[in-house]
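# Breakdown of the fold
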Amino acid sequence: LAKDAGKGLYRYASGEMELANKSRLEIEAKMHQALANNEFVLFYQPQTKTSEAIPGSPFGLVGVEALIRWIPEPNLIIPPGDFLPVAEESGFISPLGDWVLLQSCKDAKKWLDMGFPVQVSVNVAARQFDQGNFTERVRSTLATTGLPAELLKLEVTESGCMRNISQVTEIMCRIRELGVTFAIDDFGTGYCSLQYLHRLPVDCLKIDQSFVRSMDKKGNGADIVSAVISMARAFGLASIAEGVETFDQLEMLQTRGCEQIQGFLVSRPMHFEAFVKVLTAQKELCVQID
Ligand code: C2E
Ligand code: MG
Ligand code: MG
Ligand code: MG
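Residues numbered from 1 in each chain as written. Chains lettered and ligands numbered in written order. Predicted model: local features only at pLDDT ≥ 70, side-chain atom pairs only at ≥ 80, totals over all residues. Heavy atoms only, no water.

All right, on to the overall build of the chain then. When helices and strands are tallied, the chain shows twelve helices and twelve strands. Against the compact-globule benchmark of 19 Å for 290 residues, the chain has a radius of gyration of 19 Å, which places it among compact chains. The 290 residues of the chain split such that 48% are buried. By sequence separation, contacts in the chain at least 24 residues apart represent 69% of the contacts at least 6 residues apart. Surface summary for the chain: the accessible area is close to 13700 Å², and the carbon and sulfur share equals 53%. For the chain, the separation between the mean place of its 28 positive charges and that of its 36 negative charges on side chains is 1 Å. (Helix = DSSP H or I, 4+ residues; strand = E, 2+ residues; numbered from the N terminus. Rg over C-alpha atoms; globule rule 2.2 N^0.38 Å. Buried < 20%, exposed > 50% of the residue type's maximum accessible area, 1.4 Å probe, protein only. Contact = heavy atoms within 4.5 Å. Areas by Shrake-Rupley, 256 points an atom, 1.4 Å probe, with all protein chains shown as cover. Lys, Arg positive; Asp, Glu negative; His and termini not counted. Charge placed at Lys NZ, Arg CZ, Asp CG, Glu CD.)

Laid out in structure tokens, this is it:
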């Protein structure tokens, strides 16, 4: 049981407490109910330009990542790591993933209508590609929400890409034709060869937070980060570092030419209304500067 370091509003459940003594079948049944009862919530974490980054505020905002939480009762948050593995194993990730995609696009369309064209990054589990009609689901979600395709980015993990590389590549190509972009998530933790990286229709590499974390320690974290940034550049891809927590890490990423950052240093993931407040506050600040 841990207390949210942010506002102290929520109690974070540990898997041990909430779900561990339940069977997978019980968790699955609870997730079905939870989806029907609107107990899943998306939090949004800013992604900003490294060159403009300042701690504590999303200056140079380029987008947000949608991150799912399960809130079964007020003030209790179950993190994705506690239920997504069960969802992936049972296949529940398909309806859940559909909901995440729809809700992200609806929210991004609301920001757009408020005058804020914010690109939303949505995590896609490898299993969602097995749905058969995943391309059509993306297309129809964009159509029904009215969100322009360039405001949607999909994040696929490196290991997810490699699971069935030819099938995944084909689906990604078709979705990219719609104007949607792709990032490879947790890059550096899988086994993507340069040859595959060259063929994958992606736009961005997300440097895994384990490398960012080990950057300021002795070891090869900083070298790996430099290598990934160079590789991204060589392939014409953007680079974004995730899990940036300290000013030292930010400085090292700036020096190495990493384009974007995401992490607690700039902002924790927050719910829709809190993010709208951030957008509005920034706009007022910009008007004052102009
Ligand atoms: P991810 O996609 O790599 O997301 C980044 C994770 O790092 C998030 O954890 C985020 O809250 C956390 N994070 C961001 N900045 C920092 C930081 O500065 N320090 C630290 N320590 N952590 C930071 P979260 O929200 O618990 O999500 C964990 C994973 O669950 C995600 O990793 C993603 O793989 C998966 N996930 C989350 N939401 C979804 C979803 O809607 N669909 C799918 N398929 N997977 C999701
Ligand atoms: Mg992600
Ligand atoms: Mg990641
Ligand atoms: Mg990760």
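So much for the structure itself; the text now carries on.
Here we come to the pairing of strand β8 (residues 181-187). As a general feature of sheets, a regular strand has side chains that alternate between the two faces. Buried residues dominate β8, accounting for six of its seven residues. Relative to strand β9 (residues 204-207), β8 is paired through three bridges, and the arrangement is parallel. Bridge pairing in β9 links A183 to C204. Note on the crossover from β8 through helix α8 (residues 194-199) to β9: the handedness is right-handed. (Pairing = 2+ DSSP bridges. Right-handed = clockwise from strand over helix to strand, strands pointing away.)

Turning our attention to the site of ligand 1. In the neighbourhood of ligand 1, 22 residues make up the surrounding shell, with R69, D185, Q209, E245 and F264 lying closest. Contacts to ligand 1 include I68, whose backbone N or O atom sits 3.1 Å from a nitrogen atom. Expressed as a share of its isolated accessible area of 790 Å², the protein-covered part of ligand 1 is 81%. Taken together, the elements giving at least two residues each to the shell around ligand 1 come down to β4 (61-73), α3 (80-90), β8 and α9 (209-213). (Near = heavy atom within 4 Å. Polar contact = N/O pair within 3.5 Å; in protein donor to acceptor, adjacent residues only side chain to side chain.)

To continue, consider the environment of L101. The topology assignment puts L101 in helix α4 (residues 93-113). The exposure class of L101 is buried, given its relative accessible area of 4%. Leave out the neighbours within four places in its chain, and L101 touches V122, R137, V138, T141, L152 and L154.

This part is about the environment of F40. Note on placement: F40 falls in strand β3 (residues 40-49). The exposure class of F40 is buried, given its relative accessible area of 4%. Separated by 231 residues in the primary sequence, F40 and H271 have C-alpha atoms spaced 12 Å apart. Once residues within four sequence positions are removed from consideration, F40 is found in contact with M31, A34, L35, I68, R69, W70, F83, F92, L96 and W99.

The subject of this paragraph is the side chain of E155. Structurally, E155 is set in strand β7 (residues 152-157). Reaching out from E155, the side chain makes a polar contact with the side chain of K206 at a distance of 2.9 Å. Residue contacts for E155: discarding those within four places in its chain leaves Q47, E65, S121, V122, N123, V124, A183, D185 and K206.

This paragraph deals with the coordination of the magnesium ion (ligand 2). The magnesium ion (ligand 2) binds to the protein through E65 (OE), N123 (OD1), E155 (OE) and D185 (OD); the donor distances cover 2.0 to 2.2 Å. Each donor residue of the magnesium ion (ligand 2) lies on the same chain, and together they follow the pattern E-x57-N-x31-E-x29-D. Between the magnesium ion (ligand 2) and the magnesium ion (ligand 3), a separation of 4.0 Å is found, and both are coordinated by D185. With E155 in strand β7 and D185 in strand β8, the pair connects residues that are 30 residues apart, well separated along the chain. (Donors = N, O, S within 2.8 Å, 3.2 Å for Na, K, Ca; no water.)

Here we take up the nonpolar core. The nonpolar side chains of a soluble globular protein tend to be buried, and buried together. Counting residues in each nonpolar core, the largest one holds 80 residues, and the members touching the most others are M31, F40, F83, W111, V138, L152 and L154. Looking at which element gives the most residues to this core, the answer is α4, with eight residues. Once residues lying within four places of it in the same chain are set aside, the contact partners of V138 are L101, L152, L154, I175, L178 and V180. (Core = buried A, V, L, I, M, F, W, Y, C linked by side-chain atoms within 4.5 Å.)

On to the pattern of salt bridges, then. Summed over all chains, the structure comprises twelve salt bridges. With a shortest N-O distance of 2.3 Å, D98 and R137 are connected by a salt bridge. You can see D98 sitting in helix α4 and its partner R137 sitting in helix α5 (residues 134-145), a full 39 residues away along the chain. Of the residues examined, D98 reaches a relative accessible area of 23% and is grouped as partly exposed. According to the relative accessible area criterion, R137 is partly exposed, its value standing at 25%. Look at the salt bridges and you will find they share partners, linking E65, E155, K206 and E242 into a network. (Salt bridge = Lys/Arg side-chain N within 4 Å of Asp/Glu carboxyl O.)

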